[in-house]
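What the coordinates show
The chain contents come next:
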Amino acid sequence: MTAIARTWGRLTLPGKVVFTLVPILAALTVGLIAVIAIFGGAIWDILLANLGIVRFVIAVTIILLVTIPIAFLNIYLEMKVIALMNLRVGPDRVGPWGSLLSVVHGLKVLMKEDFTPTGADAVVFTWAPVVTYGAAVMTVLVLPFAPGLIAQDFNIGLLYFFAVGGMGVVGLLMAGWASFNKYSLLGGLRSAAQIISYEIPLTLSVVGLLILAGTMSLNGIVEQQSGWFTDWFVFRQPLGFLIFFIAATAEGNRTPFDLTEADSEIVAGFATEYSGMRFGFFFFAEYVNVFILSALAVVLFFGGWNAPFPFPAISIPIDLAAIGLPLLFLIALVPPIATLIFAAPFYLMRSSMRWWVALIVGFVLFNVVAGGLVFAWAFVSFDWVAGLVWFLAKTFGFVFVFVWMRGTLPRVRIDQLMGFAWKWLLPAALLNLFVTAAAVVVVGS
Amino acid sequence: MDRALKGRLEARFGAMLAGPIRQRHDETEMRIGPGDVTEVLRALHDEPDFRFEMLSDLAGVDTGDHMQVVYHLWSDSTADWLRVIADGLSREDPRAPSATFLWKGAEWMEREAYDMFGITFEGNRDLRRIYMPPDYTSFPLRKDFLLPDDAARSPGGGVRHMERGHAPASRAEGSDAPDTIRRLGA
Amino acid sequence: MTAPSRTGPQPSADDPRVMLDRDIGVFEPVPPYPPRTEREAEFYTLGDGQMLLNMGPQHPSTHGVLRVVLKLDGEKVVDLDPVLGYLHRGVEKLCENADYHQVISQVDPLEYISSLFCEWSPVIAFEKLLDVDVPRRAEYIRVLSGELNRIASHALFMGWFALDLGGLTPILWSFIERDEIVEMLAALTGQRMLFNYFRIGGVNGDLNHEFMSRLGDWMSRATKQIESNLTLLNQNEIFVRRARGLGVIDTAGALRMCMTGPNLRATGVPFDVRRAHPYSVYPELDFDVPTRTEGDSLARYLLRMEEIKQSIRIIDQCLHQMPDGPIMAKLPRLLRPRPGRAYAAIEGPRGQYSTYAISDGTDQPFRMRIHDPSFIHLQSVGVLMQNNLIADTMAIMASLDPVMGGVDK
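Residues numbered from 1 in each chain as written. Chains lettered and ligands numbered in written order. Predicted model: local features only at pLDDT ≥ 70, side-chain atom pairs only at ≥ 80, totals over all residues. Heavy atoms only, no water.

Before going further, it helps to spend a moment on a nonpolar patch on the surface. All names here are of chain A. A cluster of nonpolar side chains, contributed by Tyr347, Leu348, Met349, Trp355, Trp356, Ile360, Val364, Val368, Val369 and Leu373, occupies part of the molecular surface with about 1100 Å² of accessible area. Breaking the nonpolar patch down by element, the ones donating at least two residues are helix 16 (326–349) and helix 17 (355–381). For Leu373, the position within the fold is in helix 17. (Patch = residues over 30% accessible without salt bridge, like charges linked within 9 Å, V, L, I, M, F, W, Y side chains within 5 Å. Areas by Shrake-Rupley, 256 points an atom, 1.4 Å probe, with all protein chains shown as cover. Salt bridge = Lys/Arg side-chain N within 4 Å of Asp/Glu carboxyl O. Helix = DSSP H or I, 4+ residues; strand = E, 2+ residues; numbered from the N terminus.)

Domain boundaries assigned for chain A yield domain 1 (55–310 + 384–444) and domain 2 (320–381). For domain 1 of chain A versus domain 2 of chain A, the distance between C-alpha centres works out to 42 Å. (Domains from an automatic or database assignment.)

Residue and element names in this part refer to chain A. Mapped onto the elements of the fold, Asn306 is located in the loop between helix 14 (276–301) and helix 15 (320–323). Of the residues examined, Asn306 reaches a relative accessible area of 7% and is grouped as buried. With near-sequence residues (within four places) excluded, Asn306 lies in contact with Val222, Gln225, Ser226, Trp232, Trp390 and Lys394. (Buried < 20%, exposed > 50% of the residue type's maximum accessible area, 1.4 Å probe, protein only. Contact = heavy atoms within 4.5 Å.)

Residues and elements named next belong to chain C. According to the stated counting rule, one finds zero disulfides over all chains in the structure shown. No disulfide involves Cys95; its nearest neighbouring cysteine sulfur is the one of Cys118, lying 11 Å away. Cysteine Cys318 remains unbridged, with the sulfur of Cys118 as its closest cysteine sulfur at 20 Å. For Cys318, a relative accessible area of 0% corresponds to the buried category. (Disulfide = S-S within 2.5 Å.)

All names here are of chain B. Reading across the sheet, the five strands line up as 1-2-5-4-3 and stay open at both edges, with mixed pairing between neighbours. The open sheet has two free edges, formed respectively by strand 1 (22–24) and strand 3 (54–62), since each of these has just one partner strand. Across the sheet, the mean angle separating the axes of adjacent strands is 20 degrees when strand polarity is ignored. (Pairing = 2+ DSSP bridges. Axes fitted to C-alpha atoms, helices over the stretch in contact; angles between N-to-C directions.)

Turning our eyes to something else, we now look at unusual backbone geometry. The phi torsion at His25 of chain B lies on the positive side, around 50 degrees, for a residue other than glycine. Inspection of the secondary structure assignment puts His25 of chain B in the loop between strand 1 and strand 2 (27–32). At Cys258 of chain C, a position not held by glycine, the phi torsion is positive, near 60 degrees. In this fold, Cys258 of chain C is placed in the loop between helix 9 (251–256) and helix 10 (261–265). Under the relative-accessibility criterion, Cys258 of chain C is labelled buried at 5%.

Residue and element names in this part refer to chain C. Here the domain parsing of chain C yields domain 1 (8–83) and domain 2 (91–408). Here the C-alpha centroids of domain 1 and domain 2 sit 33 Å apart. With 17 residues of domain 1 at the interface, the matching set in domain 2 holds 17 residues. Carbon and sulfur atoms make up 70% of the surface buried where domain 1 meets domain 2, a total of about 1500 Å² over both sides. The largest share of the area that domain 1 buries against domain 2 comes from His63, Val77 and Leu80, three residues that together contribute 39% of it. For the pair domain 1 and domain 2, the interface holds zero salt bridges. At the junction of domain 1 and domain 2, the tally comes to two residue pairs in polar contact (both at pLDDT 80 or more). Of all the secondary-structure elements, those providing two or more residues to the side of domain 1 that touches domain 2 are strand 4 (67–73) and strand 5 (76–83). (Buried area = accessible area lost by both parts, 1.4 Å probe. Polar contact = N/O pair within 3.5 Å; in protein donor to acceptor, adjacent residues only side chain to side chain.)

With that settled, consider the arrangement of the chains. Inter-chain contacts occur across two pairs of chains; the most extensive set of contacts lies between chains B and C. One thing to see here is that chain A and chain B don't touch, and their nearest C-alpha atoms sit 25 Å from each other.

Residue and element names in this part refer to chain C. Within the element layout of this structure, Thr393 appears in helix 15 (residues 390–400). In this structure Thr393 comes out as buried when scored by relative accessible area, which is 0%. Residues Thr393 and Leu70, spaced 323 residues apart in sequence, show a C-alpha to C-alpha distance of 9.6 Å. When sequence neighbours within four positions are dropped, the list of residues in contact with Thr393 reads Leu70, Val77, Leu80 and Met385. Polar contacts involving the side chain of Thr393 include one to the main-chain carbonyl oxygen of Leu389, which spans 3.0 Å.

Residues and elements named next belong to chain C. Taken together, the three strands give an open sheet; going across it, the order is 8-9-10, and neighbouring strands pair in antiparallel fashion. In the strand order of this sheet, the two ends are held by strand 8 (340–347) and strand 10 (367–371), each with one partner. Neighbouring strand axes in the sheet, compared pairwise and without regard to direction, differ in orientation by 10 degrees on average. The pairing of strand 9 (residues 352–359) with strand 10 spans five bridges and is antiparallel. Residue pairing across strands places Ser354 opposite His371, the latter belonging to strand 10. Sheet strands in contact with helix 4 (residues 115–130) are strand 8, strand 9 and strand 10, and its direction is about 145 degrees off that of strand 8.

In this assembly, 69 residues from chain C lie in contact with 75 residues from chain B. Across the contact surface, chain C and chain B share 11 salt bridges. Seen at the junction of chain C and chain B, the total is 32 residue pairs in polar contact (both at pLDDT 80 or more). Split by residue class, the side of chain C that touches chain B holds 29 nonpolar, 15 polar and 25 charged. (Nonpolar A, V, L, I, M, F, W, Y, C, P; charged D, E, K, R; others polar.)

Right, let's get into the pairing of strand 2 of chain B. Residues and elements named next belong to chain B. Of all six residues in strand 2, six are buried, a share of seventy percent or more. Of the two faces of strand 2, both are covered, the one formed by Glu27, Glu29 and Arg31 as well as the one formed by Thr28, Met30 and Ile32. The antiparallel hairpin formed by strand 1 and strand 2 contains two residues in its connecting segment, where His25 sits at a positive phi of about 50 degrees. Bridge analysis of strand 2 against strand 5 (residues 81–89) gives six bridges, and the strand direction is parallel. Pairing of Glu29 across the sheet is with Arg83, part of strand 5.

Residue and element names in this part refer to chain C. Between helix 7 (residues 209–234) and helix 12 (residues 297–321), the least distance of the axes is 11 Å, while the angle of their chain directions is 160 degrees. As far as their axial angle goes, helix 12 and helix 7 are roughly antiparallel. As for how helix 7 packs across helix 12, the hand of that crossing is left-handed. Residues Met212, Leu215, Trp218, Met219, Ala222, Thr223, Ile226, Glu227, Leu230, Leu233 and Asn234 of helix 7 form the contact with helix 12, whose participating residues are Tyr301, Leu302, Met305, Ile308, Lys309, Ile312, Ile315, Asp316 and Leu319. (Parallel < 35°, antiparallel > 145°, perpendicular 65-115°, else oblique. Left-handed = near helix turned anticlockwise from the far one by under 90°.)

This model, assessed by the stated rule, comprises 45 aromatic pairs over all chains. On the basis of an interplanar angle of 65 degrees and a centroid distance of 6.1 Å, the ring pair of Trp8 of chain A and Phe19 of chain A is categorised as edge-to-face. A residue pair is termed long-range when its members are at least 10 positions apart, and Trp8 of chain A in helix 1 (residues 2–10) and Phe19 of chain A in helix 2 (residues 13–49) qualify at 11 residues. Of the aromatic side chains, those joined through ring pairs into one cluster are Trp232, Phe241, Phe244, Phe245, Phe301, Phe302, Phe398 and Phe402 of chain A. Taking NZ or CZ as reference, Lys143 of chain B lies 4.3 Å from the ring centre of Phe366 of chain C, over its face. Geometry around Phe157 of chain C places Arg304 of chain C over its ring, the cationic atom sitting 4.4 Å from the centre. (Phe/Tyr/Trp six-rings, centres within 6.5 Å; stacked < 30°, edge-to-face > 60°. Lys NZ or Arg CZ within 6 Å of the ring centre and 35° of its normal.)

Every contact between the two is made by 28 residues of chain A and, on the other side, 36 residues of chain C. Put simply, chain A and chain C have two salt bridges between them. A salt bridge links Glu75 of chain C to Arg190 of chain A; the shortest N-O distance between them is 2.5 Å. Linking chain A with chain C are 10 residue pairs in polar contact (both at pLDDT 80 or more). For the side of chain A that touches chain C, the elements supplying multiple residues, two or more each, are helix 3 (51–85), helix 8 (182–205), helix 13 (263–266), helix 18 (383–408) and helix 19 (414–444) of chain A. Classifying every residue of the side of chain A that touches chain C gives 12 nonpolar, seven polar and nine charged.

Turning to the nonpolar core, a few remarks are in order. Proteins that are soluble and globular tend to have nonpolar side chains buried together. Counting 169 residues, the largest nonpolar core has Phe13, Met30, Leu44 and Tyr71 of chain B together with Leu84, Trp218 and Tyr301 of chain C as the members making the most contacts within it. A per-element tally of this core places helix 5 (residues 136–164) of chain C first, with 11 residues. Discounting residues that sit within four places of it in the chain, Leu84 of chain C has contacts with Trp108, Ile130 and Tyr131 of chain B together with Leu66, Phe375, Leu378, Met404, Val407 and Asp408 of chain C. In this structure, Tyr198, Ile243, Tyr287 and Val299 of chain A belong to the second largest nonpolar core, which totals 81 residues. (Core = buried A, V, L, I, M, F, W, Y, C linked by side-chain atoms within 4.5 Å.)

Bringing the pairing of strand 5 of chain C into the picture now. All names here are of chain C. Most of strand 5 sits inside the fold, with six of its eight residues counted as buried. Judged from the seven bridges that link them, strand 4 and strand 5 form a sheet pairing that is antiparallel. Counted as the bridge partner of Leu70 is Leu80 from strand 5. Turn length for the strand 4-strand 5 hairpin, with the two strands adjacent in sequence and antiparallel, is two residues, and the turn residue Gly74 shows positive phi of about 70 degrees.

What follows is the structure in structure tokens.
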């Protein structure tokens, strides 16, 4: 007994933790295997019977996992692009061209003190970022990334998008109210006023499009835009797109409509009192919002995952099974031989290069080329890969436009913002709706 | 210097002048009693042959035995700065009328003079301390407010105000020394 | 937790007794502090639906450590009360305890964005006290470096103004401009910010090769570069709409507020000390005094941009007319002016800087009054912002271009 106690006493703190965890994990694994072995068939049947739910859970998990890198990518893009517009260098220390800086940002935010100010309404204060981030993430559910790559193809996808997307403002309002800070309160109220005003033109601007499309399913809208790029809705609804884009900028609290966090006026608006990961949630939500608003613009007006022209159907008949046994030799031999081939010129041409450095370079080059080939093969062979590539390319094009506007434009004033929404955007959206409806009636009859 | 201005000032304010009008370089200087400030400033500001519409500066001065309020005015009718010195405010309770009835911008300058010298400007709506904290009790630019350390002493020697205490006013301010000063470096 | 009453008399902002009550975590209105002045009583009495918002001394857009208490009705600013003194270091007292040469380095940090102008007016005042004739080459060098500093200051103004209106990029573009000039002046004076360059009777060093080569390089593209920077803002609809009609003041009002410089000229008064009361060699130089009549923020901005072009003209003429000769008058090390008084005013980028110096015959000024335009202009924010929004208050403040170092002295 004493021997065990002595051994336990000699362990360091991590040692104690690991020592405790290992048997627990082992027991759990054994139990899980046993459960699967005994009830495996029954579980499988239950899962199969509820395929929709399973699919949904998996999709939600993937989306939660995917939004974080998307936010990282947007943050990096913003830092770098604005830096270039400002004639600065921008991030260049962490990772190649500073590309890991936003990851480090995320870690920093995780490690900071999570602080609740005295006098704040702690419950509301805590839940506000969750609501905002949740709203941003949940909208991703209905986005069609590629043919078949959609979490849930609602027939009222667009309505769901606007409804859930509009919920983000509740979080901002909660944050503004609960922070016990006048700046936060002003920011929260500003965001409420702004988003409620801009919801209306935003929704109205796509009604004309809905008349043309005849469906609210985002997947359906995308499918209607296949073919040449002239079939994209932006060419049939140019005014609608303009209104949508402006309203989306306001909806995403982006410059020139970033009044809710106008740092020169109300410090950081609703986020003034937030720190640590709670602030991180707001931060991520903003950038996820930028992504999904760009994605929605692409889906509605720019053909979604459709290529701008009918892609010639190339099928590369690679029947791996037909090769038979030599396939094994191929898999074993191609990498080293290709590595040597790629390394040879570096080793032979540059006398200063060591052989092992040349080998590393050759290996990397081989991977790049092989990866490129596999990607090209996948691009022409699978619809969803091509679709995803087109979709992401277009979407990040829009993200770039948002960043560009942030680098160029000053901020509008709150009364100008409201006046613009009610006096210009709303009538224009109505006009767009009437013209579209009239055209449909005339052409239809 | 503008001799005509001197003549005009003497003709207009003859009785109110507390001393001779002096002129040097591009400056004309007149001294008045604190009681006449309102009338003189209004006349200088309003009357068409003066038109001193700009208050360039308002400063308090502690000469050691009395206080002054110094106004610098600019007008397009003359090439000189006009310096109006409201002279002879008591050090115990310096009081002068406020210039805010003509220049609202004098408000903060008067607040500063109040903060630094304790001069009370009657008619200023907002005569609080402006730089020093509200619970501060002394007036730092008065001559009897000595700096506690020696850091600012000049290596060149000379008479130091700190050691001297109050400067003899007769020598510093009220003397009738001629305005010509020997030219150096010429 | 019951919300304390927010109407009725409130404690003053600088009442030391107003502090965070740690037990309940709220600003509890203590029993009303007896208001010291009429104005304070009026300000700290809240009407229905009004609240006080404390802005600063740490706030992104108060241009230093300014604290402003805003009285808000929703987003609308009903009234404001600037609280100064966070940068106060008693320069006037320091100057009275320093000898005449040391004064120059004491006044340098007043307006750290345009330090040469802070040096210039005391130097002229002391020269008047001493009756010194400054060599013409020194005067030309002063004008040349001063106008460069004016451009640097106005360039920075452009960036700050845009930043307060929410534009990110102009501040970085204008810093490029400013940095070139500041490097140039560093080559001339040895310092980037607090130059300590002017001397009583001249300047500290003659033009050197590095300065001249940098200046020539910059002058060859200055006009074009500034024009291209301006297109970023002048043709920006959002910027123009936000700045136009904002913080309007008329001529009479501006004179009443003792405003000078570009802020006064934007109301239509062609008052420029360089022309109205010439000093140095400005009478020999050919330049215009631009004026505008609108008196709003946009006018103040455009006027300053116009002044940059005039300054380039002046620099050009200085380079052509610069005479040879000494750069310092012959003066003893220890200056003891005869008793007397002198007043000197100069036109800086923000308005009229002036110095009133009294000598009592010793080597230290008996009294040195420093008049700073930022101080005057900051006070007029309260007049300009009548019933504007919070965002506009910042923009108006920025359009007046105050520097807190000068405001607090």
